[in-house]
Structure formats: C-alpha cells, structure tokens
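Structural description and commentary
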Amino acid sequence: SYSWGMAIYKDGELIHTDKGIGTSQEAAKIRNVAGEVKAAIMAVLWAEAQGLEHIAICHDYNGVAFWALGKWKANNPVTQYYAEFMRTRRKMVSFVKVAGHTGIPGNELADKPAKEALGI
C-alpha cells in the first residue's frame, strides 16, 4: 500500500492539509513514487476546485517535477498518467525542489499526514 499527504500554504500561512491511502494496485508497486505523484495531483485538483490560477508544488523527489516537465520519460502507467495530467496544467503549476527530511516545516507537515493515513 501507499499513502499521500499535502500541506497547502498561502502567504506563509497553513490553510489546508489532506491525506489519503492509494488504491491502485499498479501504483502500489512503486510505493514512494506513487505517493509523491498522487499528492501532486491532489494538490492541483484542490487548487482547481478553489479557482486558483497558479500554484507552486514544493517537492523533495525530482520525479514530481521532471515527469511533469517532460525531463524524464514516464515508463509505467502511473508516471504516464501523472505526466499527462500535469502536461495539461503546466501553465498553472511551478515546481520548487526542497530537501527532504531536513526539518523544512511544510515538507515535514506533508509527510506527517501521509504516515498517519497508513497508521505509521
């Protein structure tokens, strides 16, 4: 199984968190990657539901940006779906690489609900 979590900030203030457990058996084969891309998809869907024109996705795994921007080839159904999903939304999304597990509050906060979703 795999999970995802996200923490959404506006002007430095936390405004929303969410988490979930992935249900795709195909995605479960690539657990960590599956959680990273699912979180990015869910952040975009949340932003669209709020009527936002632009969001920045902070990520600690390069694939989140590289598949979306076409810098990495998507070789399996999960990353192919993600790449296509993001391709149609490139104008609304920018990507910011952050170091993982180094105490960056938003990154740590996104990891926490992902672990909670799995009962970790």
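These lines cover the structure that appears in this document, whether it is placed above or below.

Here's the deal with the pattern of salt bridges
Here the structure, examined in full by the defined rule, presents three salt bridges. The residue Arg89 makes a salt bridge to Glu48 at a minimum N-O spacing of 2.7 Å. Linking Arg89 in the loop between helix 4 (77-87) and strand 4 (93-97) with Glu48 in helix 2 (residues 31-50), this pair joins segments that are 41 residues apart in sequence. Residue Arg89 is classed as buried on the basis of its relative accessible area, which comes to 19%. A salt bridge links Arg87 to Glu84; the shortest N-O distance between them is 2.7 Å. In this pair, Arg87 and Glu84 are both assigned in helix 4, three residues apart and thus about one turn of the helix distant. Residue classification places Arg87 among the partly exposed residues on the basis of a relative accessible area of 45%.

The rules behind these values
Residues numbered from 1 in each chain as written. Predicted model: local features only at pLDDT ≥ 70, side-chain atom pairs only at ≥ 80, totals over all residues. Heavy atoms only, no water. Salt bridge = Lys/Arg side-chain N within 4 Å of Asp/Glu carboxyl O. Helix = DSSP H or I, 4+ residues; strand = E, 2+ residues; numbered from the N terminus. Buried < 20%, exposed > 50% of the residue type's maximum accessible area, 1.4 Å probe, protein only.

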